[in-house]
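Residue-level structure breakdown
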Amino acid sequence: MKIILFEVPTDGRTGEGGGQLVRVACGLAALTSQPVTITNVRGNREGGRGGGLKTQHVTSLSWLAKVTDAEVDGLFVGSKTLTFRPKRPPAGLTQRNFKIEADTDAASALLILQAILPYVLFAGNDTNDPVVLDIHGGSNAHWSLGYEYFDQVLMPTLHERFGIRIDRELKSRGWSIGPRSRGHITLKIHPVSKGQTLKFTPPRRLYTYPESYEVRRIDASIIVPMASHERVQEELVTALGDLYPDADIQFKVVEDSGHDSRWSILLVAHSVAGIRWARDALFSMPKNIRSGRDKFIQHACSSLCKKLYEETSLDGTVDEFLQDQLIFVQALAEGYSSFPRGQDPTTASSMDALVDKLGKLEVRDGARMRKEKTHEPFGHGSTHTTTARWVASELLPGAEFYNHGDVVKGIAFSV
């Protein structure tokens, strides 16, 4: 995929090359009123999932185009070249209530939100009125964070670390598997006040390795057929008990999915220092498996618990899926922030001293941090994470990244 800013071509095909690039690029372009052209849209998805814009991209970008009075070309499902030239900054958003509805049930409501969140987040007015979004789309969809992950992991992190407040409610659940259903979430977003910036707040309790990384509680959310509730809970308690013998296990959500083709399980591990790690699974029960149902449930639960254990064993301060979701906020915020995913367990401890000193880029042993080059996807993490850093650096060139991207100095954006 290629991004062209102000007619200057930048080749991004080596990155993640999927829908995330489109969402982050257009979301930041709308916020900063920068024109952006994307060619080879979702070019790395042609093999199995198809290239070009999908319904969820068209839905979110159509909304952005309307509120920013943007000139757009190529805004249709399947389009492989998109030009987006926004004109109206977020301060011009006078309307405060919106209904956003995707054309298909499978379109993820939360990926729609990802594209429009940067713009809405800074759409503060003189009376500090919230912006209310009613988004209709999938709440449990493949290739997307589920509502429970959004509610229990992403939103608490944004609130605790950056003071972002978003009141949320799941009105109805929408699935991309099994019988299709249209989901509905309501969000009341409290934008950053005019003239103010986002500021990173480190944990009150300083990270100390390895004590602060000890898992003390695991929250489980299971949305599965009612007849399997007891069996799933038993298997999770057994598997988690073997891996985390000192952790309490709590069932936060237990809900009937209504169909054997709809299974969603989320596990969220909490450390003594307030670190969250999560793993989830969205799947269907294979047909004609009556005799092996218990074995299937055992395997699904055991596999998910092992994936969570692998994540918590990395000794990072975020999981794989949270890390890339925070990058645009870090790049927009004031000062330094850090959310490493376990490459260097001392980074989080170093971050506390760095935040206190701000101007002194020092780590605990006194060595200087290394500033990263940002001409292509870079740093630690998944391809989604490395690509999100690159896109943010293209649209927010004042943002600085250090130590393989684990430390970010934001641009202190304000309206």
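Below: a short report on this structure. Because the structure is a prediction, the values reported are computed rather than measured. Each chain carries its own residue numbering, running from 1 in the written order of its sequence. Local features in a predicted model are, by the rule used here, given only for residues with pLDDT of at least 70; side-chain atom pairs are given and counted only at 80 or more, and totals for whole chains, interfaces and linings are based on all residues. As a rule here, side-chain values cover all heavy atoms of the structure and leave hydrogens and water aside.

Some thoughts on the sheet that holds strand 7 (residues 131-137)
The line we're drawing: Here, a strand pair is defined by DSSP locating no fewer than two bridges between the strands. The secondary structure listing takes helices from DSSP runs of H or I that are at least 4 residues long and strands from runs of E that are at least 2 residues long, numbered from the N terminus. In this description, a line fitted to the C-alpha atoms serves as the axis of each element, helices being fitted only across the stretch in contact, and the angle between N-to-C directions of two axes falls anywhere from 0 to 180 degrees. Contacts are residue-level and defined by heavy atoms, with any inter-residue pair within 4.5 Å sufficient.
Read from one edge to the other, the open sheet built from 4 strands follows the order 6-7-9-8, with strand pairing classed as mixed. Of all the strands in the sheet, just strand 6 (97-101) and strand 8 (165-172) have a single pairing partner and so form its edges. The average angle at which neighbouring strand axes cross in this sheet is 15°, direction not considered. By the bridge criterion, 5 bridges tie strand 6 to strand 7 in an arrangement that is parallel. Within the sheet, the bridge partner assigned to Lys99 lies in strand 7 and is Asp134. In this fold helix 2 (residues 55-68) packs onto strand 6 and strand 7, with an angle of close to 145° to the strand it touches most, strand 6. Packing against the sheet, helix 3 (residues 109-121) makes contact with strand 6, strand 7, strand 8 and strand 9 (183-190), and its axis sits at approximately 155° to strand 7.

Some points on the sheet that holds strand 12 (residues 263-271)
One open sheet accounts for 4 strands, arranged 11-10-12-13; its pairing is mixed. Every interior strand has two partners, whereas the edge strands, strand 11 (248-256) and strand 13 (276-283), have only one. Looking at each pair of strands side by side, their axes are set apart by 10° on average, direction ignored. Where strand 12 meets strand 13, 8 bridges bridge the pair, whose relative direction is antiparallel. Residue pairing for strand 13: Ala269 is matched across the bridge by Trp277. Packed on one face of the sheet, helix 4 (residues 147-162) meets strand 10 (215-224), strand 11, strand 12 and strand 13 and runs near 155° to strand 13. Of the strands in this sheet, strand 10, strand 11 and strand 12 touch helix 5 (residues 229-243), which is tilted by about 155° from strand 11.

Looking at the packing of helix 4 against helix 7 (residues 320-332)
Put simply, the rule reads: Left-handed is the label given to a crossing in which the near helix is rotated counterclockwise from the far helix by less than a right angle, and right-handed is the label when the rotation is clockwise. Three classes are used, and their members are as follows: Ala, Val, Leu, Ile, Met, Phe, Trp, Tyr, Cys and Pro are nonpolar, Asp, Glu, Lys and Arg are charged, and the others, Gly among them, are polar.
The interhelical angle for the contact between helix 4 and helix 7, taken along N-to-C directions, is 35°, at an axis separation of 11 Å. As for how helix 4 packs across helix 7, the hand of that crossing is right-handed. In this structure, helix 4 contributes Tyr149, Val153, Leu154, Thr157, Leu158 and Phe162 to the contact, and helix 7 contributes Phe321, Leu322, Gln325, Leu326, Val329 and Gln330. When grouped by side-chain class, the residues that make up the contact of helix 4 with helix 7 number 9 nonpolar, 3 polar and no charged.

As for the pairing of strand 7
Inclusion rule: Accessibility here uses a 1.4 Å probe with only protein chains present; expressed as a share of the type maximum, an area under 20% marks a residue as buried, one over 50% as exposed, and anything in between as partly exposed. For a crossover, the right-handed case is the one in which the path from the first strand over the helix to the second runs clockwise, viewed with the strands pointing away from the viewer.
Most of strand 7 is tucked away: 6 of the 7 residues are buried. Read as a crossover between parallel neighbours, the route from strand 6 over helix 3 to strand 7 is right-handed. Note that strand 7 and strand 9 share 7 bridges and pair antiparallel. When the sheet's bridge partners are listed, His136 is paired in strand 9 with His184.

Re unusual backbone geometry
Residues other than glycine seldom take positive phi values, yet Ser33 does so here, at roughly 55°. Take Ser33: it is sitting in the loop between helix 1 (19-32) and strand 3 (36-39). Among the residues examined, Ser33 registers a relative accessible area of 29% and is labelled partly exposed. In this structure, Asn128 is a non-glycine residue whose phi angle is positive, near 55°. Classification of Asn128 by relative accessible area gives partly exposed; the value is 49%.

Description of helix 6 (residues 293-312)
We count it as follows: The length a helix should cover is 1.5 Å for every residue beyond the first. When we speak of the arc, we mean the arc of directions from the helix axis to the C-beta atoms.
Spanning 20 residues, helix 6 covers 29 Å between terminal C-alpha atoms, matching the ideal 28 Å at 1.5 Å per step. Restricting attention to buried positions, one finds in helix 6 the residues Phe296, Ile297, Ala300, Cys301, Leu304, Cys305, Leu308, Glu311 and Thr312. Take helix 6 and look down its axis: the buried residues cluster within an arc of 155°, on one side only. Relative to its buried face, helix 6 has exposed residues pointing more than 90 degrees away, namely Lys295, His299 and Glu310. Residues of helix 6 that are buried in the fold lie against strand 10, helix 5, strand 12, strand 13 and helix 7.

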